[in-house]
Amino acid sequence: MARHARRLILWTTGVLLSLALLAMLGIAVLVWGVNPDIFRGRIERAATQALGRPVVLAGALRWQPGLNFRIESADGRIANAEGFGSSSLASWRALRLGVQLKPLLGRRLVIDHLELDGLQLSLARNARGANWTLPSPNTPPDEGLALALGSVALRDSAVSFTDESSGSAWSATALHLDIDLPPQLDAPQLRFSGLSLQ
């Protein structure tokens, strides 16, 4: 009887180790065998449709699988609104975000961390309005997919603002910001934590 129990334990351990090895092999194939740049066009089209203005991911896309899936976009930009010139509303050297995989099973998209390196944000207001105003979405959002954002970080970033009607302008450069966002951004009272601004 003891010999059969030992054999069962050995077989179970072998099966579990084989499954773990297959999972690691699958992750390795995903990391080294699938180029994330094949999704670039689809991501650009979805972002362009959501923001109502062209979004370009000019640099390479990279990912790093794990319990928190990391995605990086090197070099990208968001076009300005019509009537605000040919310069970009926003551009960046690197955009990194982490997506938790487990909540996706419950139809929740949890971005635990969003980091922008070298963000150049050019805000402007003129007789047409403000260039940061986004159009209303053509299609209602998917009620079954909830979105949550944990924290935001800016590294070596710059923000500028110009108001043509009043002639005022200001800018802030070499910005470093870290902030933890509240769980629900549409709550009546918002409490932010972990704020660091340089």
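Up top is the structure these notes are about.
Quantities reported herein were computed from a predicted structural model and do not represent experimental measurements. (Residues numbered from 1 in each chain as written. Predicted model: local features only at pLDDT ≥ 70, side-chain atom pairs only at ≥ 80, totals over all residues. Heavy atoms only, no water.)

Asks: What's the story with the overall build of the protein in this structure? I'm lost.
Replies: Helix and strand counts for the protein come out as two helices and ten strands. The linear arrangement of helices and strands in the protein, starting from the amino end, is α-α-β-β-β-β-β-β-β-β-β-β. The 198 residues of the protein split such that 27% are buried. With the model as given, the accessible surface of the protein reaches about 13,600 Å², and the carbon-plus-sulfur share is 62%. (Helix = DSSP H or I, 4+ residues; strand = E, 2+ residues; numbered from the N terminus. Buried < 20%, exposed > 50% of the residue type's maximum accessible area, 1.4 Å probe, protein only. Areas by Shrake-Rupley, 256 points an atom, 1.4 Å probe, with all protein chains shown as cover.)

Asks: Got a minute to help me understand the pattern of salt bridges in this structure?
Replies: Two side chains bearing opposite charge may form a pair once their charged atoms approach each other closely. As enumerated under the stated definition, the model contains eight salt bridges in all. Close ionic contact of Asp112 with Arg70 constitutes a salt bridge, the shortest N to O distance being 3.5 Å. Taken as a pair, Asp112 in strand E5 (residues 108-117) and Arg70 in strand E3 (residues 68-79) lie far apart in primary sequence, 42 residues in all. Its relative accessible area of 33% is what places Arg70 among the partly exposed residues. One network of salt bridges, in which partners are shared, links Arg62, Glu72, Arg96 and Glu115. (Salt bridge = Lys/Arg side-chain N within 4 Å of Asp/Glu carboxyl O.)

Asks: Whenever I open this one, unusual backbone geometry confuses me. Can you help?
Replies: Note: most residues except glycine have negative phi, and most peptide bonds are trans. One non-glycine residue with positive phi stands out, namely Asp75, at about 65°. When you line up the elements, Asp75 lands in strand E3. Even without a glycine there, the phi angle at Asp156 is positive, about 45°. Tracing the backbone shows Asp156 in strand E8 (residues 146-163). We classify Asp156 as partly exposed; its relative accessible area is 35%.

Asks: Help me out: how do you make sense of the nonpolar core in this one?
Replies: Across soluble globular proteins, nonpolar side chains show a tendency to be buried alongside one another. Membership of the largest hydrophobic core comes to 13 residues, with the highest contact counts inside it found for Ile78, Trp92, Leu95, Leu116, Leu119 and Leu154. If you list the elements that add at least two residues to this core, you get strand E1 (55-57), strand E4 (88-100) and E5. By residue number, the principal contributor to this core is E4, which donates four residues. Residues contacting Ile78, with those up to four places away along its chain left out, are Leu51, Arg53, Pro54, Val55, Ser88, Leu89, Ala90 and Trp92. (Core = buried A, V, L, I, M, F, W, Y, C linked by side-chain atoms within 4.5 Å. Contact = heavy atoms within 4.5 Å.)

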